[in-house]
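So the chains spell out like this:
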Amino acid sequence: MSTDKKLTTRAGDFSAWYNEVVLRAELADYSPVRGCMVIRPNGYGIWERMQRALDDMFKATGHRNAYFPLFIPESFLHKEAEHVEGFAPEAAVVTHGGGRKLEEPLVVRPTSETIIYSMYAKWVQSYRDLPILINQWANVVRWEMRTRLFLRTLEFLWQEGHTAHATHDEAEAETRLILGVYREFMEQWMAMPVLTGLKTQSEKFAGALRTYACEAMMQDNKALQAGTSHNLGQNFARAFELKFQSESGDQEYAWNTSWGVSTRMIGGLVMTHGDDNGLVTPPRLAPVEVVVVPIWKSDEERTRVLDAAHQLRKDLTAWTGRGDDRLRVHVDGREGVKPGAKYYEWELQGIPLRLELGPRDLDNGACMSARRDTRAKTSLPLTGLAGAVAGLLSSMQADLLQAARNRREANSVRDPITYARFREIMDGEGAFVYAGWNGDPAIEARVKEETKATVRLIPDPEFRSPEAPRTCMVTGEPAVHEVVWAKAY
RNA sequence: CGGGACGUAGCGCAGUCCGGUAGCGCACCUGAAUGGGGUUCAGGGGGUCGCGGGUUCAAAUCCCGCCGUCCCGACCA
């Protein structure tokens, strides 16, 4: 990491910019173990707010939390053919414990389908025991070859929901319901617009019938898969004998879903909103929404301004105009650090709103506000300040989403498009390209080979083009689907 | 695992070619002044030079071996 005051710019080197923001905003740091990271308080604070918001949404849709163990018998992973193929290469395996070789090695969970459905099999006898709607917050381990802070690490934090249902349609409805929850969270909390849709067979979860996903566009025009929701069909139910007696008295296999989002979203947050001054945090996810920077010269001024700053914080946090969601305010009263230096520091950390409070402001019964996203400064009267602050925060939240949406649309290309032009785009600035596809996995593989771009989604109806593409971009054959192509993280 | 680069103070680096007292910037500590967009001055602390062996009067520097990191590739919800 450079110790220069200025960050690498996004235009200069997006990848270096990302690393610097994560490290210098103190979201995370490298660990002594290759590919692992420490999530520092600034980063974990964002994760806690993500957790709280999502957890509330899961509870509101009838789910409950539980916890399943880290260790999974290795044999479990082998019970679902496609699943083991997908995960065995990246599994971490424990072979010794208590100073002795284990009779059966234990896999550190890369995901928990196997252990969870083996337990559900114990718990379910009749259709009256269904549905089971459980979520867990946990860490998982996947032995990745190449890692990036937040985006791909050996260990990461996530939630994984696992449900069991009596019918396919009910499981499908659950899968779609959660996809909607994810979309709402990403838009309303992260201010990160996403496309939703279906993954192709080659991109789906190993062991699923089908996978739905949320895809967001980062500022380098690459796609980030930010959340997935899987309809597992009866694959795991068959593997683990998860059966129930139906109303008609027959033994039937249950229908499962699983769905997850991870700390990867924090990487998405950085790459969606960050600018050349550092992190930009959407207010709803910011552990601190408002930082008050007091300004003084003499000792008398210092006392007066500091007192006023702390009173200001009290007044703001006591305000109930947002109900239980009180304003989160910090006063930076450090001595020996000049105000300007504080401004840069808090901007780097992405605090949404700064209030500057000096003697002149106090004399005028006002303070100066500065929004992180636009860096616009406005003087605000101290009377009624809380309402004005909440208003600015709420505008910022909305503006961030709109700006990200505009950027995504400005960098999306729609059919008709030739494959030659497509290759130019993927060689250059990148984009989301909406185009026709004949549905042939071989074509998908060829495009990936030639351009590194993949089908991100077969988009849901609300994201499709007004006129469906008629022909496959590559072969000119009739199109089976409209798909979104992009390079991805 | 293949190709390339690099390991020297918390961070970023110079010094290595040509062996001879271990340095610079930032950060950190103390004091004073300063304080409305990255202050200044003065003083100070901090290093088994990745690890092991060899050559030499003498090794950060030369030789051999190992370990680790990063980039490119292979790999990857």
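Residues numbered from 1 in each chain as written. Chains lettered and ligands numbered in written order. Predicted model: local features only at pLDDT ≥ 70, side-chain atom pairs only at ≥ 80, totals over all residues. Heavy atoms only, no water.

## Comments concerning the confidence of the model for chain A
Now for step 1: A residue-level look at chain A finds 99% of positions with pLDDT of 70 or above and a mean pLDDT of 94.
Now for step 2: Across the interface, the model reports ipTM at 0.87; the global pTM reads 0.96. (pLDDT = per-residue confidence, 0-100.)

## Some words on the protein's contact with RNA strand B
Now for step 1: Around RNA strand B, 35 residues are found, and the nearest of them are Arg-146, Phe-205, Arg-354, Arg-360 and Asp-361.
Now for step 2: A share of 38% is what sugar and phosphate atoms reach among the atoms of RNA strand B within 4 Å of the protein.
Now for step 3: Within the backbone of Pro-359, one N or O atom sits 3.3 Å away from a base oxygen of RNA strand B.
Now for step 4: Between RNA strand B and Lys-377 there is a distance of 3.1 Å, counted from a base nitrogen to a side-chain nitrogen or oxygen.
Now for step 5: If you list the elements that add at least two residues to the surface near RNA strand B, you get helix H10 (339-348), strand E17 (353-357) and helix H11 (359-364).
Now for step 6: If one sorts the elements of the surface near RNA strand B by residue count, H10 sits on top with 6 residues.
Now for step 7: Residue composition of the surface near RNA strand B, by class: 13 nonpolar, 6 polar and 16 charged. (Near = heavy atom within 4 Å. Polar contact = N/O pair within 3.5 Å; in protein donor to acceptor, adjacent residues only side chain to side chain. Helix = DSSP H or I, 4+ residues; strand = E, 2+ residues; numbered from the N terminus. Nonpolar A, V, L, I, M, F, W, Y, C, P; charged D, E, K, R; others polar.)

## Things to note about the side chain of His-165
Now for step 1: Mapped onto the secondary structure, His-165 falls in strand E8 (residues 155-165).
Now for step 2: Within the structure, the side chain of His-165 is placed 3.1 Å from the side chain of Glu-170, a separation counted as a polar contact.
Now for step 3: If we skip the residues at most four places from it in the chain, His-165 touches Leu-130, Pro-131, Leu-133, Glu-170, Ala-171, Glu-174, Phe-244, Ala-254, Trp-255 and Thr-257. (Contact = heavy atoms within 4.5 Å.)

## Things to note about helix H14 (residues 441-451)
Now for step 1: Along H14, the residues that are buried comprise Ile-443, Glu-444, Val-447 and Thr-451. Looking straight down H14, one finds that the buried residues subtend no more than 105° of arc, so they occupy a single side. Residues of H14 that are exposed and point over 90 degrees away from its buried face: Pro-441 and Glu-449.
Now for step 2: Each element contacted by the buried residues of H14 is listed here: helix H13 (419-427), strand E21 (432-437), strand E22 (454-459) and strand E23 (481-486).
Now for step 3: A distance of 2.8 Å separates the backbone nitrogen of Ala-442 from a side-chain oxygen at the start of H14, and that oxygen is part of Asp-440.
Now for step 4: Lys-452 lies just past H14 and shows a positive phi near 75°. (Buried < 20%, exposed > 50% of the residue type's maximum accessible area, 1.4 Å probe, protein only. Arc of directions from axis to C-beta.)

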